[in-house]
Amino acid sequence: MIALISMMIVSFLAPDVSAVIGGDLNCTTFNGSAFVWTPAAVACSNFISDASCAVLYPTTDTLGFPAPGNAAGRPLACYTTGSVTPAAVIQDMKTAAASTCPRTCGLCCQTEAYNCPNVAYPRLNCASITLSQCNSPAWRTIIAADCPSACGFCTQGGCVDAVTNCGTDLSICQNIGMQSFVNTYCQRTCGRCPSTTASGSVTVTSGTCTSYIADSSSNCASWSRNGFCTNTFYTVAQRRSRCATTCRIC
Ligand SMILES: *[C@@H]1O[C@H](CO)[C@@H](O)[C@H](O)[C@H]1NC(C)=O
Ligand SMILES: *[C@@H]1O[C@H](CO)[C@@H](O)[C@H](O)[C@H]1NC(C)=O
């Protein structure tokens, strides 16, 4: 059935070249009927000009180059010497493409900033995070903690500024009147990250578990903002029983 539907879509959209992602599914997600590119597939910049990348890695797909939500085939030169999809993946070619033209090749998710595990029980669907969410003060800190790979936060150690322009005026970090603002919105630039998420490499923040039991309360996000996860008034057992995932308690 799926094959039939995709054949119909293909013959409708692309009589010559199949608009199907095959062979190498990295940076794609299954949308219910087809593999399509995730936003993180093309969220980074190429390391050389886009025009040069289009020459090095030309597309033969009528849909053009990979874009979030479309099913344009990955340019073949990005991963294979084959000439039809699906073709065998040649890892060296893929590595070279990711270090030159990751955006053109839909390989951003394989670059250092985008290639790390997300938490086991993220508060949002990591695969569908959009570029505007990556830039949104309401989402950035949550994404950095739960879905760092979605926005290229893998090298930020879980700590990002909530707003993107803190660095334009570093004096705000010292300004007495701005402290409550910078503590909330410029944590990274002004060095206000909790020590467990301090700058630098990604660290597992608590214990050695890789997954957490689910929150039993739907209020964990707001409690966490009010200090529930760190308030020693509550025992670890109490915090764990309500909000193990949000508080990252093994
Ligand atoms: C992603 O690429 C790696 C290496 O090229 C491969 O081993 C892995 O199976 C791919 N994952 C998917 C989902 O295609
Ligand atoms: C999945 O992606 C395909 C190809 O872009 C598209 O035709 C189809 O409508 C999408 N399905 C859903 C459920 O979004």
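Residues numbered from 1 in each chain as written. Chains lettered and ligands numbered in written order. Predicted model: local features only at pLDDT ≥ 70, side-chain atom pairs only at ≥ 80, totals over all residues. Heavy atoms only, no water.

J.: What's the story with the UniProt feature "domain: ShKT" (unreviewed entry) in the protein in this structure? I'm lost.
T.: Using the residue numbers shown here, the UniProt feature "domain: ShKT" (unreviewed entry) corresponds to residues 159-193 and 209-250. Segment residues 159-193 splits into 20% helix and 0% strand. End C-alpha atoms: 6 Å apart. (UniProt positions renumbered as here; feature names shortened; annotations may be inferred. Helix = DSSP H or I, 4+ residues; strand = E, 2+ residues; numbered from the N terminus.)

J.: Quick question: what am I supposed to make of the site of ligand 2 here?
T.: Near ligand 2 you find Asn31, Ser33, Ala34, Val36, Gly69 and Ala71, and these make up its full shell. Here an oxygen atom of ligand 2 and a side-chain polar atom of Asn31 are 2.3 Å apart. One nitrogen or oxygen atom from the side chain of Ser33 is found 3.5 Å from a nitrogen atom belonging to ligand 2. When isolated, ligand 2 has an accessible area of 360 Å², and the protein chains bury 49% of it. When the residues that make up the shell around ligand 2 are grouped by side-chain class, the tally is three nonpolar, three polar and no charged. (Near = heavy atom within 4 Å. Polar contact = N/O pair within 3.5 Å; in protein donor to acceptor, adjacent residues only side chain to side chain. Areas by Shrake-Rupley, 256 points an atom, 1.4 Å probe, with all protein chains shown as cover. Nonpolar A, V, L, I, M, F, W, Y, C, P; charged D, E, K, R; others polar.)

J.: How should I be thinking about the site of ligand 1 in this particular structure?
T.: Lining the immediate environment of ligand 1, one finds Leu25, Asn26, Gln91 and Lys94. Leu25 places a polar main-chain atom, nitrogen or oxygen, 3.3 Å from an oxygen atom of ligand 1. Contact distances for ligand 1 include 2.3 Å between an oxygen atom and a side-chain N or O atom of Asn26. Here the residues of the shell around ligand 1 sort into one nonpolar, two polar and one charged.

J.: Which parts of the structure should I look at to understand the environment of Thr130?
T.: Note that Thr130 resides in the loop between α3 (91-98) and α4 (131-134). The exposure class assigned to Thr130 is partly exposed, which follows from its relative accessible area of 34%. Sequence separation between Thr130 and Ala40 is 90 residues; the distance between their C-alpha atoms is 8.1 Å. (Buried < 20%, exposed > 50% of the residue type's maximum accessible area, 1.4 Å probe, protein only.)

J.: Sorry, what's going on with helix α8 (residues 236-247) here?
T.: Owing to its 3.6 residues per turn, the α-helix brings residues three or four apart onto one side. An ideal rise of 1.5 Å per residue puts 16 Å on twelve residues; α8 reaches only 10 Å between its terminal C-alpha atoms. Lining the buried residues of α8 we find α7 (220-225). Remark: Arg248 follows α8 within two positions and exhibits a positive phi of approximately 60 degrees. (Expected span 1.5 Å × (residues − 1). Contact = heavy atoms within 4.5 Å.)

J.: I tried to follow the pattern of salt bridges on my own but got confused; where do I start?
T.: If you walk through the whole model with that rule in mind, you get four salt bridges. Here Lys94 ties to Asp24 by a salt bridge, and the two come within 3.2 Å at their closest N and O atoms. Of this pair, Lys94 sits in helix α3 while Asp24 sits in the loop between α1 (2-13) and β1 (28-30), placing them 70 residues apart in sequence. Measuring nitrogen to oxygen at the nearest pair gives 2.2 Å for the salt bridge that ties Asp146 to Arg248. With Asp146 in helix α5 (residues 140-146) and Arg248 in the segment after α8, this pair connects stretches of sequence that are 102 residues apart. Connected through salt bridges with shared partners, the residues Asp24, Arg74 and Lys94 form a single ionic network. (Salt bridge = Lys/Arg side-chain N within 4 Å of Asp/Glu carboxyl O.)

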